[in-house]
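Given next are the chains, with one letter for each unit.
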Amino acid sequence: MTSPSILLIEDEPAIADTLVYALKTEGFSPEWRTTGGSGLEAVAALEVALVILDIGLPDGSGLEWCKRIREISTVPILFLTARADELDRVLGLELGADDYVTKPFSPREVTARVKAILRRARPLGVHRATAASAGVVTPQSVVDETIKPVPEKGFIVDEERCEIRFRGLRLELTRYEYRVLKTLLARPGKVYSRDELMTYAWEDPGASLDRTVDAHIKMLRAKLRALAPDSEPIQTHRGLGYSIRVI
Ligand code: CA
């Protein structure tokens, strides 16, 4: 079996080099393009299994290039975002993106997402193609579509698979999002300070700043909202920290 070809559209050589190396290590065949235009050409010309698309490209926004790619292909797209406002747009628009990773990221995080998307894409090929061509791939597609919502509310932590389900739907979480949410869920209602969350969830708490916790909470909220717009389980306690409400 030939290794899946992953198209990386990213203008920063340092990031591209790291990702190309990580993808090769994981058995993929990476193709690197530095502009949206050359990336689009590659999508048309090559058999690409997945596209990793940077949002800040020299010849326009990756958000626009995503739309162009969607005109010709239903290939899964993983966004690389650098800023929170970019992320808001990814989450807010129905762009047909499959997932996103925020910079700075670890190469392992990206390859794990690539594998997860390809795993999801394979058995759902037909279904996905239909949804994408209808232009209705929403952030909900982050969730495994084979899992139907169940009436059961609240969270289920599956430590063995490092997964958390919310209202029966699997959340696609980064490593730290998973750990932050798991920490909060260990004691619903308890207010955790940023320091405490950092201590529980980070391997090297000293390396990160307080606002890293805030950034991850923001991401978690966005992902929870994508599944259940009416729910706001994570509570902010001003000057104190965060807690979770289990519905
Ligand atoms: Ca860039």
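Going by the structure above, here's the rest.
The structure displayed is predicted, hence computed values, not measured ones. (Residues numbered from 1 in each chain as written. Predicted model: local features only at pLDDT ≥ 70, side-chain atom pairs only at ≥ 80, totals over all residues. Heavy atoms only, no water.)

1. A few points about the sheet that holds strand S8 (residues 155–158)
On the basis of which strands lie adjacent, the open sheet formed by 3 strands has the order S8-S9-S10 and antiparallel pairing. The sheet is open, and its two borders are formed by S8 and strand S10 (169–171), each paired with just one other strand. Neighbouring strand axes in the sheet, compared pairwise and without regard to direction, differ in orientation by 30° on average. The pairing of S8 with strand S9 (residues 163–166) spans 4 bridges and is classified as antiparallel. Within S9, the residue paired with Asp158 across the bridge is Glu163. On top of the sheet, helix H7 (residues 175–186) reaches S8, S9 and S10; it is set at about 120° to S8, its chief contact. (Pairing = 2+ DSSP bridges. Helix = DSSP H or I, 4+ residues; strand = E, 2+ residues; numbered from the N terminus. Axes fitted to C-alpha atoms, helices over the stretch in contact; angles between N-to-C directions. Contact = heavy atoms within 4.5 Å.)

2. A look at the pattern of salt bridges
All chains considered together, the criterion is met by 14 salt bridges. The partner of Asp54 in a salt bridge is Lys103, with the nearest N and O atoms 3.0 Å apart. Taken as a pair, Asp54 in strand S3 (residues 50–54) and Lys103 in the loop between strand S7 (99–102) and helix H5 (107–121) lie far apart in primary sequence, 49 residues in all. A single burial state applies to Asp54 and to Lys103, both of which are buried. What emerges from the salt-bridge pattern is a single network uniting Glu10, Glu12, Asp54 and Lys103. (Salt bridge = Lys/Arg side-chain N within 4 Å of Asp/Glu carboxyl O. Buried < 20%, exposed > 50% of the residue type's maximum accessible area, 1.4 Å probe, protein only.)

3. Things to note about the coordination of the calcium ion
For the calcium ion, the full set of protein donor atoms is Asp11 (OD), Asp54 (OD) and Gly56 (O), and the range of their distances to it is 2.2 to 2.4 Å. Counting gaps between the donor residues of the calcium ion yields the pattern D-x42-D-x1-G. (Donors = N, O, S within 2.8 Å, 3.2 Å for Na, K, Ca; no water.)

4. Thoughts on unusual backbone geometry
Each neighbour pair has its own omega, and for Lys103 with Pro104 the value is -5°, a cis peptide bond. With respect to the helices and strands, the residue Pro104 is situated in the loop between S7 and H5.

5. Details of the environment of Arg33
Here Arg33 shows up in strand S2 (residues 29–33). Separated by 17 residues in sequence, Arg33 and Ala16 have C-alpha atoms that sit 9.0 Å apart.

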